[in-house]
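Residue-level structure breakdown
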Amino acid sequence: MSERITLVDYLTLDDADEPHLVANECGTCGARYFGRRNACASCFGTDFAKVTVPSEGVVRSFTIVAQAAPGVPVPFVAAVVDCDGTRVRSNLINVDPDPEHVVLGMKVRLATYLVGTDASGTDAIGFGFEPM
Amino acid sequence: MASDDVWILGIRMTKFGKHPDKDSLDLGAEAAMAALADGGVTMRDMGVLAAGNLLGVSGYGQQLQKQIGQTGIPVYNVANACATGATALRTAIMAIKAGECDMGLAVGVEKLAGAGLLGAGGQAKKDADTWERSGRMGAVAPVDGRIGTDGMPGVFAQVGMEYGHKYGGATFELFARISEKNHAHSTLNPLATYTKRMSLDQIMNDVMIAYPNTRSMCSANCDGAAAAVVVSGEKLKTLGPDQRRRAVKVSASVLTSDPWQDGCQVLPDVNTLTRNAATQAYEAAGVSPSDRDLVELHDCFATAELVHYDNLQLCAPGEAVPFFESGAPWRDGSTPVNVSGGLESKGHPISATGIANIWEVCHHLRGEAGDRQIEGATVGLAHVIGLGSACGVHILERAAA
Ligand SMILES: [Zn+2]
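Cut-offs used in this document
Residues numbered from 1 in each chain as written. Chains lettered and ligands numbered in written order. Predicted model: local features only at pLDDT ≥ 70, side-chain atom pairs only at ≥ 80, totals over all residues. Heavy atoms only, no water. Core = buried A, V, L, I, M, F, W, Y, C linked by side-chain atoms within 4.5 Å. Buried < 20%, exposed > 50% of the residue type's maximum accessible area, 1.4 Å probe, protein only. Helix = DSSP H or I, 4+ residues; strand = E, 2+ residues; numbered from the N terminus. Contact = heavy atoms within 4.5 Å. Buried area = accessible area lost by both parts, 1.4 Å probe. Salt bridge = Lys/Arg side-chain N within 4 Å of Asp/Glu carboxyl O. Nonpolar A, V, L, I, M, F, W, Y, C, P; charged D, E, K, R; others polar. Pairing = 2+ DSSP bridges. Axes fitted to C-alpha atoms, helices over the stretch in contact; angles between N-to-C directions. Parallel < 35°, antiparallel > 145°, perpendicular 65-115°, else oblique. Donors = N, O, S within 2.8 Å, 3.2 Å for Na, K, Ca; no water. Tetrahedral: all angles 85-135°; square planar, octahedral: opposite > 155°, others 65-115°.

Our next topic: the nonpolar core. Most often, soluble globular proteins have nonpolar side chains that are buried together. Core analysis: the largest hydrophobic core is formed by 85 residues, its most contacted members being A:L21, A:L92, A:F127, A:F129, B:L306 and B:Y309. Sort the elements by how many residues they give to this core and helix α9 (residues 270–285) of chain B lands first, with seven residues. Dropping the residues within four chain positions of it, B:L306 is found in contact with B:Y163, B:A170, B:L174, B:F175, B:I178, B:A320 and B:V321. Grouped together as the second largest cluster of nonpolar side chains are 36 residues, B:M13, B:F16, B:A226 and B:A356 included.

Structure below.
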């Protein structure tokens with residue numbers, strides 16, 4: 001099996017290959033962030049702990065992008081998914097990109113896909129949310 | 001005419017649209033010299049210059065001085081995304097309030113015709129030969145289009161759709177009808193980039209950019225400039241009767257950024273900072289939200305206009321859809337919104353926008369808006385937002401006499 005790397009460092013794959021998103025949670029106020037933090041934007045605290053974000057959620061907002069920056073394949077569905085109180089920026093995948101199939105409030109779950117393979121044969125694994 | 005008030009003495013926008021024969025200095029000079037003439041003053045009277053031009057030459061303000069008058073005054077080159085023009089104006093106002101001078105000039109200019117979609121320009125980003133983590137997310141490849149969208153049409157589409165998720169009723173057709181209103185309004189504005197009325201069918205069947213925003217529901221890229229001369233109340237007392245009669249009072253000048261809110265780093269929260277700015281502005285001006293006679297708000301996309309009805313408190317919280325359905329924001333409604341045609345038809349030369357919308361309001365308050373005059377207008381509000389975010393709200397009032 002080839003080497004794998006996740007598209008972003010807050011996507012992890014466990015031993016059973018199950019994907020998870022991992023947030024940095026402020027130890028003082030509980031605000032959650034994706035990506036490296038200097039301090040908490042909400043309370044200025046500097047203690048953070050890694051927490052696993054629930055992998056199921058509902059679509060809080062979406063758009064179907066038909067025209068994008070050069071090199072970005074279209075159409076795709078960009079969305080905000082509310083995972084039990086933690087909001088996640090993601091594409092919706094494994095769904096037809098039209099307003100008949102994508103609706104506000106729909107239930108979705110985390111899924112992964114192959115982004116590409118680099119020169120050394122390493123697969124980059126991306127994530128999206130798919131309808132449940 | 002209280003001494004510590006600040007007034008708009010002269011103000012002007014250029015025609016928005018394509019100006020292939022003019023560079024950004026030509027456009028800025030045209031607006032600045034027209035604003036000075038409108039106020040009956042010259043560069044010699046100015047104590048400060050604040051200038052915004054995001055995509056052009058660096059040190060724009062000083063470059064402009066070399067075309068219109070170098071008098072040695074302090075120049076502030078400002079940048080605050082789509083709120084750059086409002087920021088320039090507020091910089092000049094603050095200099096007057098600080099007592100550093102009694103008159104100042106603010107200029108915003110952009111050359112954007114043919115620039116393509118807002119936020120979607122530039123070269124294609126390529127994946128590297130070998131995956132290597134970089135940036136705050138430790139990304140091994142570009143994420144635009146893989147983890148959501150960086151494009152403004154899609155970001156603001158989600159802003160409108162999120163409002164629909166919370167309160168319901170925000171359909172594709174409703175957003176298109178907002179755009180229909182603004183395009184209808186633009187037919188009366190000779191300075192707008194597009195002045196064609198568009199039917200609901202035309203709008204909904206136009207090229208889709210980011211659902212539910214079609215091309216005619218997106219702000220129009222164009223060239224343009226706007227400039228304003230501001231003066232202290234004390235100085236205004238010494239000026240001529242026509243200058244005093246046409247002066248427009250800046251009853252509130254507010255700039256906010258977005259305070260932390262849950263999820264604000266996932267999808268930009270354009271709501272809280274706008275609501276905060278409006279609240280501060282109404283308080284500073286001592287007017288209630290129902291007092292305004294017209295509103296120019298930042299409809300960078302049709303989906304954005306809807307949420308700002310609510311954020312600017314033109315309606316009760318959650319009531320933006322019924323507010324629009326009632327006909328209130330049409331020019332003959334109870335709260336005319338974007339009678340200029342808005343950014344969707346007037347155009348959005350980024351740094352000019354935050355002064356041009358104030359020009360529109362002043363035009364009505366002075367009773368000089370011709371065919372599109374809102375009769376008897378005495379109080380108006382101008383709003384801009386730049387993603388990142390910065391929000392400017394100005395409340396303007398007609399001179400008492
Ligand atoms: Zn915190």
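What follows is about the interface of chain A and chain B. Listed per partner, the contact involves 53 residues of chain A and 44 residues of chain B. Around 4200 Å² of area is buried between chain A and chain B when both sides are counted, 57% of it from carbon and sulfur atoms. Three residues stand out in chain A for area buried against chain B, namely A:L7, A:Q67 and A:R89, and they jointly supply 16% of the buried area on that side. Joining chain A to chain B, the criterion identifies three salt bridges. For B:E162, the salt bridge goes to A:R87, with nearest N and O atoms at 3.9 Å. Every element with two or more residues in the side of chain A that touches chain B is listed here: β1 (4–6), β6 (56–65), β7 (76–83), β8 (86–92), β9 (107–117) and β10 (123–131) of chain A. Ranked by residues supplied to the side of chain A that touches chain B, first place goes to β6(A) with seven residues. Residues belonging to the side of chain A that touches chain B are distributed by class as follows: 29 nonpolar, 16 polar and eight charged. With two bridges connecting them, β6(A) and strand β5 (residues 208–211) of chain B associate as antiparallel partners. Bridging from a neighbouring strand, A:V65 pairs with B:A210 of β5(B).

Before going further, it helps to spend a moment on the packing of helix α3 (residues 84–97) of chain B against helix α13 (residues 350–365) of chain B. Two numbers describe a pair of packed helices, the interaxial angle and the distance between the axes. Residues and elements named next belong to chain B. Orientation of α3 relative to α13, taken along the N-to-C sense of each, is 65°, at an axis distance of 5 Å. Comparing the axis directions of α3 and α13 gives the class roughly perpendicular. Note on element contacts: α13 touches α3 through S351, G354, I355 and I358, opposite T84, G85, A86 and L89. Tallied by class, the residues present in the contact of α3 with α13 amount to four nonpolar, four polar and no charged.

Let us look at the environment of B:A37. Residues and elements named next belong to chain B. Tracing the backbone through its elements, the reader meets A37 in helix α1 (residues 24–39). Residue classification places A37 among the exposed positions, given a relative accessible area of 59%. Put simply, A37 and R12 are 25 residues apart on the chain and 9.5 Å apart in space, counted from C-alpha to C-alpha.

All names here are of chain B. The strand order across the open sheet formed by nine strands is β3-β2-β4-β7-β1-β8-β11-β10-β9, and the pairing between neighbours is mixed. Strand pairing shows two members of the sheet lacking a second neighbour, β3 (75–77) and β9 (294–296), which therefore form its edges. Direction aside, the axes of adjacent strands within the sheet are offset by 25° on average. Here three bridges tie strand β1 (residues 6–13) to strand β8 (residues 248–257), and the two strands are oriented antiparallel to one another. Bridge pairing in β8 links I8 to V248. Relative to the sheet, α1 contacts β1, β4 (103–111) and β7 (223–232), its axis offset from that of β7 by approximately 35°. The strands touched by α9 are β8, β10 (379–386) and β11 (390–398); relative to β8, the strand with the most contacts, the crossing angle is about 150°.

Before going further, it helps to spend a moment on the coordination of the zinc ion. All names here are of chain A. At 2.3 Å from the zinc ion lie its protein donor atoms, namely C26 (SG), C29 (SG), C40 (SG) and C43 (SG). Considering all four donor atoms around the zinc ion, angles at the metal cover 99 to 115° and the coordination shape is tetrahedral. One chain supplies every donor to the zinc ion, and in sequence these donors are spaced C-x2-C-x10-C-x2-C.

Residues and elements named next belong to chain B. Inspection of the entire model under this criterion finds 20 salt bridges over all chains. For R246, the salt bridge identified is with D38, shortest N-O distance 2.8 Å. Within this pair, whereas R246 is found in helix α8 (residues 241–246), its partner D38 is found in helix α1, the two being separated by 208 residues in sequence. Taking the relative accessible area as the measure of exposure, D38 reaches 16% and is therefore buried. Measuring nitrogen to oxygen at the nearest pair gives 2.8 Å for the salt bridge that ties R366 to D38. Taken together, the residues span a long stretch of sequence, with R366 in the loop between α13 and β10 and D38 in helix α1 at a distance of 328 residues. Overlapping salt bridges bring together D38, R246, R366 and E368 as one network.

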